Amino acid sequence: MDGEEQIDTAPTGHGDEVEVGFLAPRIHAAPFPGMQITGYVLSMALTLAAFGLVAYHWLPLSSLVTVILVLAFIQAALQLGIFMHLREARGTAWHLPVLALALFVGLGIVGFSIWIMLFKSGVS
Amino acid sequence: MSTTTADRPPEFQDMHESIRIMGFWIFLSTDVGLFSSLFAVYAVFRSRVALGPTPHQLFAMGPVLTETLILLTSSFTCSLSLYSARMNRLRGAVAWLIVTLLLGASFVTLEIREFVADVTAGHGWSHSAFLSGFFTLVGTHGSHVTIGIVWAVMLALQLAMKGLTVTNRRKLYTFALYWHFLDIVWIFLFSVVYLSGMA
């Protein structure tokens, strides 16, 4: 192509070039906001499904909370992937390992807090 | 896969603005820590109701579902604002941003109404560990949304005055990140606090 590619693929010394395949940016552009509409419809469907499960007692109580949580994580992934343009970056997507660490710490705080409190007394 | 200047989104064209977006992701990561701590507190104290209302008695399904649908819709309109900006449609970007902040304001109004009703019924946050955890967790999210509304008002003014400048495009991008992040937090609030409480 033209000389434009050469500017960015050549090492800049700023850590701007992609070194790790997984952290390579993905950029999505479209002439119609189809992704946004898909994301909206899916998030509405997931929310109403979770609400319906509780309102109409479609599941036994034991598995209900697990299913609701799974639906919540799917919806969070949708928001991140579609609305927050998770894979977009200038060069290497360095925010991905930062977010992964935050998720690891966050789940650790919640999970181990519940776990440790199960020993002495019941956490419902 | 290498990125070229041509297919790079406008917010990432400038090196310094890209670094600011990265900085905002780091801020959001620290906010994940804040909210997970509050979620942990809520999970641990959920059953400590001190003869007061249980989650099942306190929550009403209708208003909470309305709040959730409002916030989901505002997340969608926020994404349309950024989409319009990328299509170089300034008026569309400002209009969708205003719709977003109005939906956010109605969300906060409903939430405050719910809180006032709880407190006037004698279920204030000093009544039990459950209520302390509940008001702190949901209130922290609500104050985040309120700050987001103030931010959106200032951003709409800046867009109206200066147009889609390099700086304004980045500001809209980081605002969208913030707003969608709050939507994710609310999804977990809705699932863990309200739906699990009503189950």
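For the structure, check the block above.
Here's what I pulled together on the structure shown here. Chains are numbered independently. Their residues run from 1 in the order of the written sequence. Labels follow written order: the first chain is A, the first ligand is 1, and so on. Side-chain atom pairs in this predicted model are given and counted only at pLDDT of 80 or more, local residue features only at pLDDT of at least 70, and totals for whole chains, interfaces and linings cover all residues. Side-chain metrics in this entry use all non-hydrogen atoms of the structure; hydrogen atoms and water are not considered.

### Quick word on helix α3 (residues 61–83) of chain A
To be explicit about the condition: A run of H or I in DSSP becomes a helix once it reaches four residues, and a run of E becomes a strand once it reaches two; helices and strands are each numbered from the N terminus. Expected span of a helix, by definition, is 1.5 Å for each gap between consecutive residues, and there is one gap fewer than residues. Buried, partly exposed and exposed residues are distinguished by accessible area as a fraction of the type maximum, computed with a 1.4 Å probe on protein chains only: under 20%, between the cut-offs, and over 50%, respectively. Contacts: residue pairs with any heavy atoms within 4.5 Å of one another.
Helix length check: α3(A), at 23 residues, gives a terminal C-alpha distance of 32 Å against a target of 33 Å (1.5 Å per residue), a fit within 8%. Along α3(A), the positions that sit buried rather than exposed are A:L64, A:I68, A:L71, A:A72, A:Q75, A:A76, A:L78, A:Q79, A:I82 and A:F83. In this structure, the buried residues of α3(A) make contact with α2 (34–55) of chain A together with α3 (61–86) and α6 (166–198) of chain B. Once α3(A) finishes, A:H85 follows within two positions and takes phi at roughly 50 degrees, a positive value.

### Digging into the nonpolar core
Residues and elements named next belong to chain B. Put simply, the rule is: Nonpolar cores are built from buried Ala, Val, Leu, Ile, Met, Phe, Trp, Tyr and Cys residues. Side-chain atoms within 4.5 Å join them into one set.
F59, F134, W186 and Y194 are the most contacted members of the largest nonpolar core, which totals 86 residues. The greatest single-element share of this core, amounting to 20 residues, is contributed by α6. Not counting residues up to four positions away in its chain, the partners in contact with F59 are Y42, F130, F134, V193, Y194, G197 and M198.

### Looking at empty space enclosed by the protein
It is a probe the size of a water molecule, rolled over the atoms, that shows where empty space is left. This is how it is decided: A 1.4 Å probe that fits into a set of points on a 1 Å grid over the protein atoms alone but cannot get out defines a cavity; an open set with protein on both sides within 12 Å along at least five of seven lines defines a pocket, and lining residues are those with an atom within 4 Å of a point. Grid points are joined across faces, edges and corners, and a volume is the space filled by probe spheres set on the points. Ten residues, namely Ala, Val, Leu, Ile, Met, Phe, Trp, Tyr, Cys and Pro, are considered nonpolar, four, namely Asp, Glu, Lys and Arg, are considered charged, and the remaining ones, Gly among them, are considered polar.
The final tally for this structure, using the stated rule, is one cavity of 30 Å³ or more. The computed volume of the largest cavity comes to approximately 60 Å³. For the lining of the largest cavity, the elements supplying multiple residues, two or more each, are α2 and α3 of chain A together with α6 of chain B. Considered class by class, the residues forming the lining of the largest cavity number eight nonpolar, three polar and no charged.

### Topic: the layout of surface pockets
Inclusion rule: The split of the chain into domains comes from an automatic or database domain assignment.
Approximately 1100 Å³ is the volume attributed to the largest pocket. Around the largest pocket sit 38 residues that line it, and A:F73, A:L107, A:V110, B:F39 and B:F188 are the ones nearest its centre. Breaking the lining of the largest pocket down by element, the ones donating at least two residues are α3 and α4 (95–120) of chain A together with α1 (15–45) and α6 of chain B. Counting residues per element, the lining of the largest pocket draws most heavily on α4(A), at eleven residues. Considered class by class, the residues forming the lining of the largest pocket number 31 nonpolar, five polar and two charged. Residues lining the lining of the largest pocket come from more than one domain, with at least three contributed by each of domain 1 (29–88) and domain 2 (90–124) of chain A. Looking at the second largest pocket, its volume works out to about 460 Å³. Taken together, 27 residues make up the lining of the second largest pocket; nearest its centre are A:H28, A:A29, A:H85, A:E88 and B:R86. Elements with a contribution of two residues or more to the lining of the second largest pocket: α2 and α3 of chain A together with α3 of chain B. In terms of residue class, the lining of the second largest pocket is built from 14 nonpolar, six polar and seven charged.

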